[in-house]
Amino acid sequence: MCLCFFTFPLYFSSKSVCPQISKDGDVIIGGIFSFHSSWEITDLSYLVKPPPLKSIQFSQSLMFAIEEINNNSSLLPGVSLGYKIYDACTSKHSLSKYISNYEYSLYILVNLPPLSVLVTKKNIPHILRTVPSDYHQSRALAEMVRHFGWTWVGAIRRDDDYGNSGMAAFTQVAQQWDICLEYSLPFFKTYSQEKVMRIIEQIKSSTSQVIVGFVDPSDLEILLDVFYEHNITGYQWVGTEAWILNPLLAMLDKHNTLQGAIGLAVPKAEVTGLKDFILDLNQVKSAGSAIFTKYWETLFHCKYKVKNDSEHSPLCTGEEELSEMDNTFTDMSLMPYFNNVYKGVYAIAHTLHDLLGCKETCSTKKQPDPLTVMLLCLKMVHFKTKDGEDVYFDKNGDPAATYEVINWQTSKERQHEFVTVGLYDSTFPVNSRLTLNLSSIVWAQNTNKVPISVCSESCPTGTRKAVQKGKPLCCFDCIPCAEGEISNKTGIETTRCKETEYLSYEETIGIFLTVVSIVGALMTLAISLIFFKYKNTPIVKVQNSELSFLLLFSLTLCFLCSLTFIGRPSEWSCMLRHTAFGITFVLCISCVLRKTIVVLMAFRATLPGSNVMKWFGPPQQRLSVLAFALIQVLICMLWLIISPPFLFKNQELFKEKIILECNFGSSIGFWAVLGYIGLLALLCFVLAFLARKLPDNFNEAKCITFSMLVFCAVWITFIPVYVSSPGKFTVAVEIFGILASSFGLLFCIFLPKCYIIILKPEKNTKKQLFGKIPNNLATYSVSLDLDG
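Reading guide: rules and limits
Residues numbered from 1 in each chain as written. Predicted model: local features only at pLDDT ≥ 70, side-chain atom pairs only at ≥ 80, totals over all residues. Heavy atoms only, no water. UniProt positions renumbered as here; feature names shortened; annotations may be inferred. Helix = DSSP H or I, 4+ residues; strand = E, 2+ residues; numbered from the N terminus. Buried < 20%, exposed > 50% of the residue type's maximum accessible area, 1.4 Å probe, protein only. Contact = heavy atoms within 4.5 Å. Areas by Shrake-Rupley, 256 points an atom, 1.4 Å probe, with all protein chains shown as cover. Disulfide = S-S within 2.5 Å. Axes fitted to C-alpha atoms, helices over the stretch in contact; angles between N-to-C directions. Parallel < 35°, antiparallel > 145°, perpendicular 65-115°, else oblique. Left-handed = near helix turned anticlockwise from the far one by under 90°. Nonpolar A, V, L, I, M, F, W, Y, C, P; charged D, E, K, R; others polar. Pairing = 2+ DSSP bridges. Salt bridge = Lys/Arg side-chain N within 4 Å of Asp/Glu carboxyl O. Right-handed = clockwise from strand over helix to strand, strands pointing away. Phe/Tyr/Trp six-rings, centres within 6.5 Å; stacked < 30°, edge-to-face > 60°. Lys NZ or Arg CZ within 6 Å of the ring centre and 35° of its normal. Polar contact = N/O pair within 3.5 Å; in protein donor to acceptor, adjacent residues only side chain to side chain.

You'll find the protein entered in an unreviewed UniProt entry as G-protein coupled receptors family 3 profile domain-containing protein, with Electrophorus electricus given as the organism. Taken verbatim from the UniProt record of the protein, the Subcellular location (unreviewed entry) comment is "Cell membrane".

**Overview of the overall build of the protein**
Helix and strand counts for the protein stand at 22 helices and 23 strands. The buried share among the 788 residues of the protein stands at 51%. Within the protein, residue pairs in contact and separated by at least 24 positions form 71% of the contacts whose partners lie at least 6 positions apart. Just so you have it, the protein exposes about 37,800 Å², and 59% of that area is on carbon and sulfur atoms.

**Topic: the state of the cysteines**
What the rule picks out here adds up to six disulfides. The disulfide partner of Cys 302 is Cys 316, and the S-S distance across this bridge is 1.8 Å. Handedness of the Cys 302-Cys 316 disulfide follows from its S-S torsion of about 100°: it is right-handed. Taken together, the residues span a long stretch of sequence, with Cys 302 in the loop between helix 10 (289-300) and helix 11 (335-355) and Cys 316 in the loop between helix 10 and helix 11 at a distance of 14 residues. You'll find Cys 302 and Cys 316 in the same group, each marked buried. A disulfide bridge connects Cys 459 with Cys 478, and the sulfur atoms are separated by 2.2 Å. On the S-S bond that ties Cys 459 to Cys 478, the torsion sits near -90°, and the link is left-handed. On the criterion of sequence distance, the pair formed by Cys 459 in the loop between strand 16 (434-436) and strand 17 (463-467) and Cys 478 in strand 18 (residues 476-480) is long-range, its members being 19 residues apart.

**Here we look at the packing of helix 13 (residues 508-533) against helix 20 (residues 729-759)**
At a minimum axis distance of 10 Å, the contact between helix 13 and helix 20 shows a crossing angle of 25°. Classed by the angle they form, the pair helix 13 and helix 20 counts as roughly parallel. Between helix 13 and helix 20 lies a crossing whose hand is left-handed. Facing helix 13, whose interface residues are Ile 509, Leu 513, Val 516, Ser 517, Gly 520, Met 523, Thr 524, Ile 527, Ile 530 and Phe 531, helix 20 presents Phe 729, Ala 732, Ile 735, Leu 739, Phe 743, Leu 746, Phe 747, Phe 750, Lys 753, Cys 754, Ile 757 and Ile 758. When the residues that make up the contact of helix 13 with helix 20 are grouped by side-chain class, the tally is 18 nonpolar, three polar and one charged.

**Quick notes on the sheet that holds strand 10 (residues 236-239)**
Through backbone hydrogen bonds, the strands of a sheet pair up, either in parallel or in antiparallel fashion. Pairing in this open sheet of eight strands is mixed, and the strands run 8-7-9-10-11-14-15-16 from one edge to the other. Two strands in the sheet have a free side with no partner beyond their single neighbour: strand 8 (180-187) and strand 16. Neighbour-to-neighbour, the strand axes of the sheet open up by a mean angle of 25°, direction not taken into account. Sitting on the sheet, helix 5 (residues 193-205) touches strand 7 (152-158), strand 8 and strand 9 (210-214), and the angle it makes with strand 8 is about 160°.

**Describing the pattern of salt bridges**
Counted according to the given criterion, the structure contains ten salt bridges. The shortest N-O distance in the salt bridge between Lys 23 and Glu 67 comes to 2.5 Å. Remark: Glu 67 occurs in helix 1 (residues 57-70) and Lys 23 occurs in strand 2 (residues 21-23); sequence separation between them is 44 residues. You can call Glu 67 buried: its relative accessible area is 17%. The residue Lys 268 makes a salt bridge to Glu 404 at a minimum N-O spacing of 3.2 Å. Placement of the pair is Lys 268 in the loop between strand 11 (262-265) and helix 8 (274-279) and Glu 404 in strand 14 (residues 402-410), with a sequence separation of 136 residues. When its relative accessible area of 53% is taken as the criterion, Lys 268 is described as exposed. Here Glu 404 falls in the buried class, since its relative accessible area comes to 13%. Salt bridges linked by common partners bring Arg 158, Asp 160 and Asp 219 together as one network.

**Describing the packing of helix 13 against helix 15 (residues 545-561)**
Taken N-terminus to C-terminus, the directions of helix 13 and helix 15 make an angle of 165°; their axes are 8 Å apart at the nearest point. With respect to helix 15, the axis of helix 13 lies roughly antiparallel. Between helix 13 and helix 15 lies a crossing whose hand is left-handed. Here helix 13 contributes Ser 517, Gly 520, Ala 521, Thr 524, Leu 525, Ile 527, Ser 528, Phe 531 and Phe 532 to the contact with helix 15, which in turn contributes Ser 548, Phe 549, Leu 552, Leu 555, Thr 556, Phe 559 and Leu 560. Across the contact of helix 13 with helix 15, the residue classes tally to ten nonpolar, six polar and no charged.

**So, the pairing of strand 7**
Two faces, one strand: in a regular strand the side chains alternate between the faces of the sheet. Counting buried positions over the seven residues of strand 7 gives seven, a clear majority of the element. Judged by which residues are buried, strand 7 turns out to be covered on both faces: Trp 152, Gly 154, Ile 156 and Arg 158 on one side and Val 153, Ala 155 and Arg 157 on the other are all buried. Strand direction decides the pairing type here: strand 7 and strand 8, joined by seven bridges, are parallel. What sits directly across from Ala 155, in strand 8, is Ser 184. For the handedness criterion, the β-α-β arrangement of strand 7, helix 4 (residues 161-176) and strand 8 is classed as right-handed. In terms of strand pairing, strand 7 meets strand 9 through four bridges, oriented parallel. Each bridged residue has a counterpart across the sheet, and for Gly 154 the counterpart in strand 9 is Ile 211.

**Overview of the packing of aromatic side chains**
Applying the stated rule across the entire model yields 22 aromatic pairs. Between Trp 243 and Trp 408, the aromatic rings sit 5.9 Å apart at their centres with planes inclined by 75°, giving edge-to-face as the arrangement. Of this pair, Trp 243 sits in the loop between strand 10 and helix 7 (247-252) while Trp 408 sits in strand 14, and the two are 165 residues apart along the sequence. A relative accessible area of 0% means that Trp 408 is categorised as buried. An aromatic cluster of three or more residues is present, and its members are Phe 227, Trp 237, Trp 243, Trp 408 and Phe 418. The side chain of Arg 146 reaches across the aromatic face of Trp 177, ending 4.1 Å from its centre.

**Points about the environment of Asn 164**
With respect to the secondary-structure elements, Asn 164 resides in helix 4. With relative accessibility at 28%, the residue Asn 164 sits in the partly exposed group. Put simply, Asn 164 and Val 215 are 51 residues apart on the chain and 9.7 Å apart in space, counted from C-alpha to C-alpha. Excluding residues that lie within four positions of it along the chain, Asn 164 makes contacts with Arg 157, Arg 158 and Asp 159. Side chain to side chain, Asn 164 and Asp 159 meet in a polar contact 3.4 Å long.

**Observations regarding the sheet that holds strand 23 (residues 657-663)**
With mixed pairing, three strands are arranged side by side in an open sheet as 21-23-22. Two strands lie at the open edges of the sheet, namely strand 21 (499-501) and strand 22 (646-650), each paired on one side alone. Put simply, the sheet's adjacent strands are angled 30° from each other on average, direction ignored. Pairing analysis gives three bridges linking strand 21 to strand 23, with the strands arranged parallel. Across the sheet, the residue bridging to Thr 500 is Ile 658, located in strand 23.

**Some words on the UniProt feature "transmembrane region" (unreviewed entry) in the protein**
The UniProt record marks residues 509-534, 546-567, 579-603, 623-648, 668-691, 703-723 and 735-758 with the feature "transmembrane region" (unreviewed entry), using the residue numbering of this structure. Counting secondary structure, residues 623-648 comes out at 77% helix and 12% strand; the distance between its end C-alpha atoms is 39 Å. Annotated as 100% helix and 0% strand, the span residues 735-758 places its first and last C-alpha atoms 31 Å apart.

This is the structure in structure tokens:
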């Protein structure tokens, strides 16, 4: 059905059909509606009696909107709207020719099938719609079919522009989503029995369990009995908005052929006051007495005049109550479509309001041009109805495509019910447009389980798809992959199998590095025990035992952190390994740096009684180590927050392997961590070098200098080797750097002390330690003997 608006004056040719319902006004709004249940009339001589009246509710919706606008003192003050409403029961050819005569008219579609195939931008360029384009409906149907996993479906389409173009759009979208059509059968109510039987045989011989119906209710009315006669039941139907919400069709489906059907419908809407207006036929009676008489006789099965005695229909009294009737004429399930008529009238009224410059009154001197009205509708009209619904048009003259997903269910009283089970909104992102409540859907054969409709089941692991000859891609056999190959996600193609590679605990290099790490940690613990046992001896006390134990603890963590680099990497291990490495090494270097500063300051204080060393006591030492470590912690936190390391599957390095590695996430973060360690190591080396000429017996600076030389040499060598190492050897190089620098610190700083403690105990005395210290430094040596 369509609603065509054209501005006054309107001129009809002598061959034009007189309006069925009309009312005068300053601006005339014309309408074309189907008053009869059948569209096609094969006998154009009009000697055949037209089919019985179906409904004039769409006309009443137009009349209601116009009456409401005329009674509104602010929308079009001083301008009255009228209407001329025509019956669309003429032939398609005649109506198309009739419409095309008015090339300057503006048309607003309020319901698509079947009249929308006549009113298109090709023959009438000035078209706006209050219902979405069929393209959106076709896309929504395809998306719904994909959602349920139906890749093998059949289709029946109305053999006209509506069905053929709609199914073509559906097929195009379906192919993009790997949905195959087993068949797409045309049907029209004038088909011969032979053609209908071919449709029946095709459906019965098919294997798909889902049928998409791009048809009109009148088509299904004919097919229902044929389907039942040939036992075509139990199929899952997918319907368009043309029939999914049709109460008459539901009533005629006595054998539940369409039970469980799911489809799209215009969202439910309510127009306050419209139902009461429809149930009051006085407006129709005054506007068109002829159509009113026919309508009344059809509703109440009576006659105003009995022509002969053979007619058994009772006489109409005119007092019959429409509100007491319970049939399709009083059914309000089509209210969403009535609402489209209502919105269409108001869209014109709001446009005229702007065009005529309406304030306290409207300028009646301006003659509204239909093209101008349309352009204004497109650019400016955006209003809310009295029930709060937004109305606007896009650049193509279409509204936003929004549909309710409707499911046909049967109540306990065996009555058909239209249950809303979801929503489709084209304004949402692609993957969020369709929302469904699966638990509330009742499928074909009255089950709660989603039907399966595929040509071939998915191929299991280790096999690939081989398309069956002469069949669509959805039909395939599963054959084993060749040796050393795997199938891709679609199963159509195979690729060579790839091994995943990473530094494992089971391989030789992994075992070696694990053993070295554990040995290093055990050696550090052993030295810690030795220092603890001999903590009261001069050589331990003079080396600042608190910092020594903290350094040994940090070295233990350094050895152990290398183990996080071995084994299959994960998201957590990638973040842990680099941050643990960075923080533990800074803790080590901070302790060494602080020991160096204490030694240097003690032996550089030249005057007895100087109070310089009060700034280098145990509390200050702890705070400085903590401060250095906190800076590294802050760097690591920023790294993890902004761009943390993550697991990366490198398939580019080797064709036959997938390297599992930890991507830095942010290279700046990694090099900032490493650079801070290098900065502290360089500072420590410089200070230790300055203290190299202090007295031999008590000069730890030489040991620190050598340990820092080893440390810096290892990490300077690490950079080029790390960058050039392939695959898992990159990780091995990093572990080697950690272990080599840790052993360098352990051996250079602590082994000389252990040698004296265990093998040369006679040198572990104050006399031996301070024998060569000048007298002016003796005081500071004694103070160092007491740990600061």
